[in-house]
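An overview of the molecular structure
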Amino acid sequence: MKLILLKTILRDLLHRPWLTLLLIISVALGVAVVVAVDLANASATRAFELSTEVIVGKATHQIVGGAGGIDDGVYLHLRRDLGLRHIAPIVEGYVGAAELGGQTVRVLGIDLFAEPPFRTYITAGTNVSLDALSAFYTQPGAVLISADSAARYGLKTGDPITLQIGTTKKQITIVGLMQQPNDVSSRVLEGLVLTDIATAQELLDQNGRLSRIDLIATDAEAETIRQTLPAGLRLVRASEQADTVTQLTAAFRLNLTAFSLLALAVGMFLIYNTVMFSVVQRRRLLGILRCIGVTGREIFMLILAEAAVLGLIGSLLGLVLGIFLGRLTVALVTQTINDLYFTLSVSDVSIDALSLVKGLLLGIISALLAAALPAYEASSVPAVTVLQRSDLEDRIRRFLPSLNIFGVIMLAVGAGILVFGQSNISLLFVGVFLVLFGLVMYVPVLTIFVMRLATATIGRVGLTARMSSRTVVQALSRTSVAIASLMVAVAVTIGVTVMIASFRTTVENWLGQTLNADFYVSPPLSGANRIVSMDPALVERARAVEGVDAIEVLRSVTVAAQELGDVRLNATNGGRARESRIFRSFSGDPESIYPQLDAGAIAVTEPFANRHNVTEGSTVTLLTDKGARAFSIVGVYYDYSSDQGSILMSLDVYRQYWNDPAISGFSVYVAPGADVNQVEDGVRAALGGNDVVVQSNRALRDAALVIFDRTFAITQALRVIAVAVAFIGILSALMALQLERTRELGTLRATGMTLRQLWQLTLLESGLMGATAGVLAIPVGLILAAILIYVINLRSFGWTIFFTSVPEVYLQALLVSVTAALLAAIYPMLRLGRLQVVEALREE
Amino acid sequence: MTSPNGNTPRAIPQTSLIRFENVTKMFQEGENERAVLQGVNGGIARGEFVAIVGRSGSGKSTLLNLLAGLDTPTCGDIYVGDTNVAKMSDHDRTLFRRKNIGFVFQFFNLIPTLTVRENVLMTAELSGWKDNDAQAQASRLLQAVGLLDRANVFPDKLSGGEQQRVAIARALCADPELILADEPTGNLDAETGARILELLTTLARKQGKTLVMVTHSNDVAARADRVLKMEHGKLAAVGPQVVESGT
Amino acid sequence: MSLYGASSDTNVKRVLIALAFVALGVVGAFFYWRSLQTPPLATEIVALQSSQGSDGFARVIGAREMQFPRDHGPHLDYQTEWWYYTGNLQTEDGRRFGYQLTFFRRGITPGTPVHRASEWATNQIYFAHFALTDVASNTHNASEIFSRGAAGLAGATADPFRVWIENWSATSMNADASKVNLIADDGKMAIDLNLTASKPPVVHGAGGVSRKTETSGNASYYVSFTRMPTEGTLRINDDEFRVTGNSWFDHEWGTTSLGENAAGWDWFSIQLDDNRELMFFQIRNKDGSIELLSSGTVVEPDGATRFLSRNDVTITPQAYWTSSYSQGKYPSKWRVTSAAGDFDLTITPVIADQEMRVSFVYWEGAVDVQGTSQGKPVRGRGFVEMTGYGLQARGDVGY
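Residues numbered from 1 in each chain as written. Chains lettered and ligands numbered in written order. Predicted model: local features only at pLDDT ≥ 70, side-chain atom pairs only at ≥ 80, totals over all residues.

Our next topic: the overall build of chain A. Scanning chain A from terminus to terminus reveals 31 helices and 21 strands. In chain A, which comprises 844 residues, the proportion classed as buried is 51%. A separation of at least 24 residues holds for 85% of the contacts in chain A among residues at least 6 apart in sequence. (Helix = DSSP H or I, 4+ residues; strand = E, 2+ residues; numbered from the N terminus. Buried ≥ 20, exposed ≤ 12 C-beta atoms within 10 Å, placed from the backbone. Contact = placed C-beta atoms within 7 Å.)

Take a look at the structure:
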């Protein structure tokens, strides 16, 4: 590339600061969203990996049991009788810690002497004093926390911490602080309360039971050990355990990434738009260059180089913005993961170099891709252009048929992927994008159609109206791109809104049908995929309260299923709750479902059936405390509480196979005629002294919906950004149009058109474009919503969502589009006011 | 002297730098095709100063564009030296143009984002001159057009005449054999125009360049070695002096 | 007379060992895994020896009415305790082996802990050293394990006598614990030996009390079986050997800490073929002098004991061996003579390198003895222990 050419084009950029700025902003916004989501995902994943590192350490395998854990004797046998040395007992659980910011923390109980081969986080530093270790070893309730956590919450050695454990509060004492030599591993220790194994057993009320046993062994050694294990225990690879948990959130994280890419895609439209405009603006300059001997190839490279430079600047800006946005996003992501999947504490966004590099490359590549077509257009500017008018629009119109064919192909391939793409979510999203862009290909044709319609209708009003619709068609190459970007953004908004609204309505209805008890009693700390326990004796105390008609008990645990890994199992003795479940499908007649459950069969939720590809008639083999047992499925029922799915079992059957008398919660039905509030107070009083949460039907329903809304908060945020990007798109497109028409407008002014009329013209053009985008966005948005509901959600999360129409959203879409378009017309209008007729005429 | 239909080649100098044979150019206008040039033949000798005259729409600019390789004829051949420009690809034509042709336009067409010096040495740089050589050449030419002292200002600070002088320096900078000028005085007042013309012709002759100029001006045509007159897409007359009336 | 005071000092050496071992054991346990990450600091170990609180632990003051098997068991009121088995073994065709199996106990707080709900709760730390010397292949290997004294993983009982850490154990096979089964297996080497005492337990000093310094209470109780004919099997890698020989058992407990002047010690346990045994040790001070309280015991064929004071015995190193591991320059041949002319012995290690490369580095190995005893030529075997010659913490010697 000749330096002088680069100088020519880059100096030209400085002469068009607005244009340059728009291009940079489009890239920056797109990159920022992608980087923000990527950073948030990476931070969440990294936090998870770090906590896994803490928990798993160097273990290659783990021995795990059912909800009740593992008997101490198993460890003793392995260590003492079999002489295994690389083996460590672990007792762990989640508790609330008031003094640690009220967050949920992990209590990890270890045996100091078994630890060395496994975990190094205490050993890495020398800051844990021997006095502290002595206390840690011998004192009940002695714990170590990280020095960073202590500093953050203003705690020091000797301070007490109150833990919320199940339904009780217990006090522990900090006997020492763990300091880490570097920043990364210190974050490992956050959210961790380290105790001696004896202390952990006592705190968590797990005396005589271990949560798991860690091993370092070859697969062959592990196999030998496996054979000595009693029934109900499993030996799994440590990595498998970690993988399972990562996979839990895979769909969620992928969905976020897809939405962020959508923002980038809208950004690409913008870049295309801006570069195309700059090419149009420079036809004369390019013509001169062609005349004096610059080849088409050089012009092509020149435009690409320009895009690359601006792409780089925009991407760098996007990185900064992305990191800032990432800090906001990570909180949302973490919250959702905590709500839906597992406990994760992410204190800060980790600036992952890979994410930044990815964002940078993505920004530059998008800029290059988006600039490729305009650059090609520029390279084919005939040299004679210096003396002639553009024939660009003619060419675009000749290109329309191929555009439509291209659209058909994209739609066909996209639809094919969606229908046959199974549950590969990445592939499904490729399908969504293909369908969306396939539809975009029709924007030019449809724009012409809508404008003809406009000419035929509002065109009768007057000359300006007729002129405006014709202008839109005349400048189709730029107007259609602007309309398309706005349309895509608004369509995404419609699609996502309709999907969320449908989902919410479905969940609301489901909650209404399912939550039929009057109030619910549970331990304070409950969350997805966590096992919480309370004393079964509380049930009897509640039952004795006057006005209590019936009580139904729930035991919710994670158990191991052969080939399926860990699965959630809900065991209830519910008589009334049964009536509320709605079965999607079942074997036999509906009356026989519950008798079959009582006889030892199970039912599964819809996500479970979809995820594991089972249905009524299939069997699921669960590893019970009595060994592996096959349970047959009698039915599949709707459930929206977890995308992992769960198994429903009769409580009696559960207790028959598992030695686990604990309960996870119970629901209370108030006798007819009794006052619900009075009974609730009575139950509260009866359970006094125990920390339980008593939630009314209403409160529980609201709480569920709060979590629901929180889950989609990030999607909403991304939606707003997509609209912002599209707004800038339409702004730049309009500015481009108006700037290009300076001479024409000058002429109009010279021939006697008033400024007012010109404003009218501009507003009309802009409004027409916005309206077109809005109108086109409605069907596209509905198609998108349908795909999200019937394909993406069903395949990636396994939920059937019932489509709910949201009429106001269409009006909103139209309003947003037109408003955005009209707002975008303001700058060109201001510029019109300053237009010097003579100057405008003299140009060219 | 001239055949009525212009088909018979006449008075083509033996030492032609440029020969054009049976050159026809059609333009698409909606459904119809319109012939702007209809089988034009002719030639221009090395070192010759040829003026092309004719009414608006007579096809003189189209002919110039074809000679420059900016456009290709619908049919016919255009030889510059031994090269048939009409048969070359756009890319090759551009490279050919870059080396062999200098342009002077009516509206100057300087690149506003480059300084006077940069505008001038651009053509030399594009032709692959060494930087030092290009700089020296640019200085020499700016000296010749009397603007060396304005070398580092941007074109918008110059008057029309000055801009056109820069354009002349630019056209000569890569040392092309052929200078094509499209109404170089058309946008200037008479006095300035005369001076520019003087400068252009003097420099062209001094350096032995072939100069082809499209013009409306009789004064300009009067200075040419030969005048080609275009009428309705045909070469109406070729003569040492053709005085056109009515323009 | 002097017997009381002097004999109470007999055990100073073992007290020192115990303290060093046990103190280092506690620290060693912690530092063992620290050493996996960062080099442990010798200074911290030294600091710990004085900083580790012994508040509330009973002191060894006055004679103790020894009762067996009660006193073979643990004494949780005292901070430190160990059970120490060493021996020389051979196969039928004469292949020589030496072994050491030692169990250490360290109380973090005195006595039996308050009852806690978890079986894992404890205030005791146990650790053990296991070493085998194979003369034929000129090899010596050592290993160690640590464990909490709870949940059945490690512990000690008096009746029946048993001390164990995981799958290493010493278990009495009769009521008075004069017959003991030793089992240890670290995966590469193993022993399964039956030991039967041929003499009654030796209570060193007066009433077993061993004073360390002039300070009252800085002492330990010390009892031994000095001759325990032994038979059983040992395994090195995949080779198993039937072996017979003689073992020596020491049991000591106390609550005390190391003297500041002590640089290290040399300890000798000798079993002569005239059926006499000799135990003697000396403490080397930092200034190169020998501690006055260095002492020993002679056990006669009938089990009668006689106290040896510092001045009764002269130990002269005659050769040295340098460890490339710890850089320690250890004596590797001694002449031990009694002032009274009772014995004049030359002691030679069966192999030079019997350094214990565990958390705390020291030399402990089988030796051959020849010379005169009560004027007659005599041969014998025994064990020698030496500390303080090289870098002692495992991390210091370059892991």
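Once that is clear, we can look at the overall build of chain B. When helices and strands are tallied, chain B shows seven helices and 10 strands. Split into buried and exposed, the 247 residues of chain B put 49% on the buried side. Here the contacts in chain B between residues at least 6 apart in sequence split such that 70% fall between residues at least 24 apart.

Much of the literature gives interface size as the accessible area that the parts lose upon coming together. On the chain B side, the residues contacting the 22 residues of chain A number 21 residues. Of all the secondary-structure elements, those providing two or more residues to the side of chain A that touches chain B are α1 (3–14), α11 (283–291) and α12 (296–340) of chain A. A breakdown of the residues in the side of chain A that touches chain B according to their chemical character gives 11 nonpolar, five polar and six charged. (Nonpolar A, V, L, I, M, F, W, Y, C, P; charged D, E, K, R; others polar.)

Another aspect to go through is unusual backbone geometry. F68 of chain C connects to P69 of chain C through a cis peptide bond whose omega is 10°. Residue P160 of chain C follows D159 of chain C across a cis peptide bond; omega there is 0°. Along the polypeptide, P160 of chain C turns up in the loop between β5 (154–158) and β6 (161–165). A positive phi angle, close to 55°, is found at N22 of chain B, a residue other than glycine. For N22 of chain B, the position within the fold is in strand β1 (residues 16–29). Look at N22 of chain B and you get partly exposed, because 15 C-beta atoms sit within 10 Å. The phi dihedral of E183 of chain B falls on the positive side, at around 45°, and the residue is not glycine.

A few words on the pairing of strand β1 (residues 80–90) of chain C. Residue and element names in this part refer to chain C. When you tally the buried positions in β1, you get 10 out of 11 residues, the bulk of the element. The sheet contact formed by β1 and strand β2 (residues 96–107) spans 11 bridges and is antiparallel. Considered in β2, the bridge of T80 is made with R106. What sits between β1 and β2 in their antiparallel hairpin is a turn of five residues, with G94 showing a positive phi close to 95°. Pairing between β1 and strand β13 (residues 239–254): 11 bridges, direction antiparallel. The residue of β13 that forms the bridge with L89 is G245. (Pairing = 2+ DSSP bridges.)

Our focus in this paragraph is the pairing of β2 of chain C. Residues and elements named next belong to chain C. The element β2 is largely enclosed, with a buried count of 11 among its 12 residues. Of the strand pairs in this sheet, β2 and strand β3 (residues 124–134) are connected by 11 bridges, and their pairing is antiparallel. Residue pairing for β3: Q100 is matched across the bridge by A131.

Let us look at helix α24 (residues 676–686) of chain A. Residue and element names in this part refer to chain A. For α24, the set of buried residues is V679, E680, G682 and V683. Mapping the buried residues of α24 onto a view down its axis gives an arc of 160°, with all of them on the same face. Among the exposed residues of α24, those pointing more than 90 degrees away from its buried face are N677 and A685. In this structure, the buried residues of α24 make contact with β12 (519–522), α19 (537–543), β13 (548–561), β20 (665–670) and β21 (693–696). (Arc of directions from axis to C-beta.)

Right, let's talk about the confidence of the model for chain B for a bit. Interpreting fine coordinate detail is not advised for predicted regions of low pLDDT. Residues and elements named next belong to chain B. Chain-level pLDDT for chain B is 79 on average; 88% of the residues reach the 70-or-more range. Taken element by element, the predicted model of chain B shows its lowest mean pLDDT in strand β10 (residues 234–239) (73) and its highest in strand β8 (residues 210–214) (88). The model gives residues 1–14 a pLDDT under 50, and that stretch makes 19 contacts with residues more than four places away or in other chains. Long-range and interchain partners of residues 242–247, a stretch whose pLDDT sits below 50, account for 10 contacts in this model, where long-range means more than four residues apart. Here the predicted complex carries an ipTM of 0.83, next to a pTM of 0.64. (pLDDT = per-residue confidence, 0-100.)

With that settled, consider the nonpolar core. Judged by nonpolar contacts, the single largest core of 202 residues is most densely connected at M487 of chain A together with I52 of chain B. When residues are assigned to domains, this core turns out to be shared by domain 1 (1–60 + 247–390) and domain 3 (442–515 + 698–844) of chain A, each giving three or more. Ranked by size, the runner-up nonpolar core spans 152 residues in total, among them A150, A177, I191 and L278 of chain C. (Core = buried A, V, L, I, M, F, W, Y, C linked by C-beta atoms within 7 Å. Domains from an automatic or database assignment.)

For helix α18 (residues 476–514) of chain A, spanning 39 residues, the distance from its first C-alpha to its last is 54 Å, which sits close to the expected 57 Å at 1.5 Å a residue. A large share of α18 of chain A lies buried, amounting to 30 of its 39 residues. (Expected span 1.5 Å × (residues − 1).)

With that settled, the discussion passes to the packing of helix α5 (residues 160–173) of chain B against helix α6 (residues 190–206) of chain B. Residues and elements named next belong to chain B. Close contact between α5 and α6 brings their axes to 10 Å; oriented N to C, the two are set at 15°. What the angle tells us is that α5 and α6 run roughly parallel. Remark: the crossing between α5 and α6 carries right-handed chirality. Residues G160, G161, Q164, R165, I168 and L172 of α5 lie in contact with α6, whose contacting residues are T192, R195, I196, L199, L200 and L203. (Axes fitted to C-alpha atoms, helices over the stretch in contact; angles between N-to-C directions. Parallel < 35°, antiparallel > 145°, perpendicular 65-115°, else oblique. Left-handed = near helix turned anticlockwise from the far one by under 90°.)

Attention shifts here to the environment of G208 of chain B. All names here are of chain B. Topologically, G208 is positioned in the loop between α6 and β8. On the neighbour-count criterion, G208 (9 C-beta atoms within 10 Å) is exposed. Expressed as a C-alpha distance, the spacing of G208 and G47, which sit 161 residues apart in the sequence, is 5.3 Å.

All names here are of chain C. The residue Y320 is located in strand β18 (residues 313–322) in this model. Remark: the alpha-carbon pair of Y320 and Y330, spanning 10 residues in sequence, is separated by 5.5 Å. In contact with Y320, not counting residues within four places along its chain, are K329, Y330, P331 and S332.

Residue and element names in this part refer to chain A. Their axes nearest at 9 Å, the elements helix α17 (residues 463–474) and helix α28 (residues 755–796) cross at an angle of 45°. Relative to α28, the element α17 lies oblique. Judged by the sense of rotation from one axis to the other, the crossing of α17 with α28 is right-handed. Across from T464, A465, M467, S468, S469, T471 and V472 in α17, the residues of α28 making contact are Q757, Q760, L761, L764, E765, L768 and M769. Among the residues making up the contact of α17 with α28, the classes are represented as seven nonpolar, six polar and one charged.

Turning our attention to the confidence of the model for chain A. For chain A, the average pLDDT comes to 80, and 85% of its residues sit at 70 or higher. Here residues 386–390 of chain A scores under 50 on pLDDT; set against residues more than four positions off or in separate chains, the count is eight contacts.

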